[in-house]
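For reference, the chains in residue letters:
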Amino acid sequence: MDGGRSVSEHRSDTWAAPDDIWEVSQLRFDEALDGERDPRWVDTIAARGSYQLRYLYRSLGVDGDPPVLMAAHEKGYTLFCGHRGCGKSTELRRIRNELDHPDLYYVVFADAAQELDVNNLRYQDILFHVAGKLMGRLEEDGIRIDREHLRRLEQWFNERVVLQEETRAFAADVTSGARVEPGMPFLGKVFGQISTALKTNNTHKEALRRTLQNYFTDFAGAFNHLIEAARDAVRDAKKGRRVLFVVDGTDLLRDADARALFELDVHQLQQVRGVFLYCAPIHLIYENIPIRQNFDHIFKLPMIKIKEADGSRNEPGFSAMREILHRRAAPGLFDEGVADYLIEHSGGHPRDLLRLLLGAFQRADDRFDFESVRMAVRDAASEFRRTLQTGDYEALARLDSLLHTPPHDDQTRNLLYNLALLEYNDYFCRSHPVIRTTEAYRAAQGRIGSAAGE
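Remember, it's a predicted structure, so these values are computed and weren't measured experimentally.

Trainee: Account for the overall build of the protein chain, naming residues and giving values.
Mentor: A count of helices and strands for the protein chain gives 20 helices and nine strands. The C-alpha radius of gyration of the protein chain comes to 24 Å, within 12% of the 22 Å expected for a compact globule of 454 residues. Projected onto the principal axes, the alpha-carbon positions of the protein chain cover approximately 75 × 50 × 45 Å. Counting the 454 residues in the protein chain, one finds 54% classified as buried. Counting contacts in the protein chain only where the partners sit at least 6 residues apart, residues at least 24 apart contribute 75% of the total. Accessible area for the protein chain stands at about 20,300 Å²; split by element, carbon and sulfur atoms hold 45% of it. Of the charged side chains in the protein chain, 60 are positive and 71 negative; the average position of the first set lies 3 Å away from that of the second.

This is the structure in structure tokens:
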């Protein structure tokens, strides 16, 4: 789907997994991969059980192989949920690469984790930013929008930012310096500097947020007009049939901020008429709130399942995790059985597998042995001890014995949020394996067993 070339052709034919332990030590466990274009990428769909990418595509009106846009929606709001580190960002980049096609979508991709401040994020930041990302991509691709379709946004900026006392200083900074051509270049500069201010400047940040909140209806109308004009322009340029906004990084929000964005302010998000795919933290869908009524579709990316409910190995999941590991560290760097030990204690969590690998490096010599990986597991368990209470261990021990959906209570949500409880397909959950190595967990198991025998 990329100029007639398959995405696999972008992968290097000369790439090989590191076979030097010091080279392995330089890997980043929090790095999102650019789908099949990255040689370290592994297709994990078969290892995730009930999750199927085609179901998400159908919600966007896309079906078939090769995919075809069967229904061109004017608007739609979808949540893409999962644990932190389970691979959502990599999967979203895969979705972007596959759907960005002249016969499908013109994808505008925003990474809130990299481009905004996820420690202090509001709906205003998202909408300002995606407006700027749209204009930025249009300009990069040489797609012009007639100025008549931009006048409402220009008018909003002039009346609501330039003429307002608390934002006048910001507007002066934007309009100073070299002259910028009116229309798209000017608005691109405006929204680019708004995004910068929202990420770095507390004074302008709050003033800009208040401005958008107070004059939101006008802004939403102007933005909607731009989206309609962009849709027609990209179609004429044969770059896509609809605009799709993909917003990554919003799963990293603190709990209160995530609630504000996806619950309290969802009306504002949906006043912008477009097709949006947002990333969200998994614990939100366990809330007793109407979140499923707020969004048209909710999809979960489950953890990679390496064990069945009876404790037997799930081979597709185990194989996928082994491939993820060995694309970052060659098999020859591991003593026999060590790689499997790391996989078993990762719980099928890709990021934690790499965290354990880096932790083992601290104790290893020229290769990974059992002593180094056991110490890495012990350190990971110690991190959980700082956040878990005695009652949490008992809750985890009980949940590990369940064969059905866990309760939708505050404790379960907190355990999911802290990654102490991992969810696989069909609401099947288990505690993180490193927790099960602790004395506190074993003691909780003993208390539960004793109580059951009374």
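Now, onward.
Trainee: Pulling in residues and values, what's your account of the side chain of D251?
Mentor: Topologically, D251 is positioned in the loop between β5 (242–248) and α11 (255–264). By relative accessible area, which is 7% here, D251 ends up buried. Among the polar contacts listed, one links the side chain of D251 to the side chain of K88, at a separation of 2.9 Å. Ignoring any residue separated from it by four or fewer positions in sequence, one finds D251 in contact with R84, K88, C279, A280 and P281.

Trainee: So what about the sheet that holds strand β6 (residues 275–281)? Which residues, and what values?
Mentor: The strand order across the open sheet built from five strands is β4-β5-β6-β3-β7, with neighbouring strands paired in parallel fashion. The open sheet has two edge strands, β4 (105–111) and β7 (297–300), and neither has a second partner. Direction aside, the axes of adjacent strands within the sheet are offset by 20° on average. Of the strand pairs in this sheet, strand β3 (residues 76–82) and β7 are connected by four bridges, and their pairing is parallel. Bridging from a neighbouring strand, C81 pairs with K300 of β7. Sheet strands in contact with helix α10 (residues 216–236) are β4 and β5, and its direction is about 120° off that of β5.

Trainee: Got a sec to walk through the environment of T390? Specific residues and values, please.
Mentor: As for its position among the elements, T390 is in helix α18 (residues 390–399). Given a relative accessible area of 55%, T390 falls into the exposed group. Here the alpha-carbon distance between T390 and A440, two residues 50 residues apart in the chain, equals 7.4 Å.

Trainee: Provide a residue-level description of helix α17 (residues 370–385), including the pertinent values.
Mentor: When the terminal C-alpha atoms of α17 are compared, their 23 Å separation across 16 residues agrees well with the 22 Å that a helix rising 1.5 Å per residue should span. Where α17 is concerned, the buried positions are S372, V373, A376, V377, A380, A381, S382 and F384. Contacts from the buried residues of α17 go to α15 (338–346), α16 (350–361) and α18.

Trainee: Which residues make up the nonpolar core, and what are the values?
Mentor: Formed by 120 residues in total, the largest nonpolar core has its most connected members in L134, F191, F223, F334 and F368. Ranked by residue count, the leading element in this core is α10, at eleven residues. If near-sequence neighbours (up to four positions away) are discounted, F334 is found in contact with L325, H326, A329, A339, L342, L357, R367 and F368. Counting residues in hydrophobic clusters, the runner-up holds 28 residues, among them L56, L69, L92 and Y424.

Trainee: Tell me what's going on with the side chain of N425, and back it up with residues and numbers.
Mentor: Note on placement: N425 falls in the loop between β8 (421–423) and β9 (429–431). Every residue in contact with N425, bar those within four places of it in the chain, is listed here: R48, G49, S50, P302 and K305.

Trainee: So, the pattern of salt bridges: which residues are in play, and what are the values?
Mentor: Using the criterion set out here, one finds 41 salt bridges in the structure. Across the pair E423 and K300 runs a salt bridge, and its minimum N-O distance is 2.3 Å. Taken as a pair, E423 in strand β8 and K300 in strand β7 lie far apart in primary sequence, 123 residues in all. Ionic pairing is found between R313 and E344, a salt bridge with its closest N-O pair at 3.9 Å. Placement of R313 in the loop between β7 and α14 (315–326) and of E344 in helix α15 is noted, with a sequence separation of 31 residues between them. One salt-bridge network, in which partners are shared between bridges, spans D43, E91, R94 and E98.

Trainee: Can you explain helix α19 (residues 410–417)? Please cite residues and give values.
Mentor: Think of an α-helix as 3.6 residues a turn; residues three or four steps apart then line up on the same face. Residues of α19 that are buried: T412, R413, L415 and L416. What you see down the axis of α19 is that its buried residues fit within an arc of 165°, all on one side. Looking at the buried residues of α19, the elements they touch are α18 and β8. Where α19 terminates, the next one or two residues include L419, which has phi positive at roughly 65°.

Trainee: Explain the environment of V234 to me, and be specific about the residues and the numbers.
Mentor: Here V234 lies in helix α10. Judged by relative accessible area, V234 falls into the buried class, the value being 0%. Spatially, the C-alpha atoms of V234 and H101 are 11 Å apart, while their sequence positions differ by 133 residues. For V234, the residues in contact, after removing those within four places along its chain, are Y106, L138, I143, K239, G240 and V243.

Trainee: Mind laying out the packing of α16 against α17, listing which residues take part and the relevant values?
Mentor: Put simply, α16 and α17 touch, their axes get as near as 8 Å, and they point 120° apart. It follows from the interaxial angle that α16 and α17 lie oblique. In terms of crossing hand, the pair formed by α16 and α17 is right-handed. Contacts between α16 and α17 involve R355, L356, G359 and A360 from the former and S372, V373, A376, V377, A380 and E383 from the latter.

Definitions and cut-offs
Residues numbered from 1 in each chain as written. Predicted model: local features only at pLDDT ≥ 70, side-chain atom pairs only at ≥ 80, totals over all residues. Heavy atoms only, no water. Helix = DSSP H or I, 4+ residues; strand = E, 2+ residues; numbered from the N terminus. Rg over C-alpha atoms; globule rule 2.2 N^0.38 Å. Buried < 20%, exposed > 50% of the residue type's maximum accessible area, 1.4 Å probe, protein only. Contact = heavy atoms within 4.5 Å. Areas by Shrake-Rupley, 256 points an atom, 1.4 Å probe, with all protein chains shown as cover. Lys, Arg positive; Asp, Glu negative; His and termini not counted. Charge placed at Lys NZ, Arg CZ, Asp CG, Glu CD. Polar contact = N/O pair within 3.5 Å; in protein donor to acceptor, adjacent residues only side chain to side chain. Pairing = 2+ DSSP bridges. Axes fitted to C-alpha atoms, helices over the stretch in contact; angles between N-to-C directions. Expected span 1.5 Å × (residues − 1). Core = buried A, V, L, I, M, F, W, Y, C linked by side-chain atoms within 4.5 Å. Salt bridge = Lys/Arg side-chain N within 4 Å of Asp/Glu carboxyl O. Arc of directions from axis to C-beta. Parallel < 35°, antiparallel > 145°, perpendicular 65-115°, else oblique. Left-handed = near helix turned anticlockwise from the far one by under 90°.

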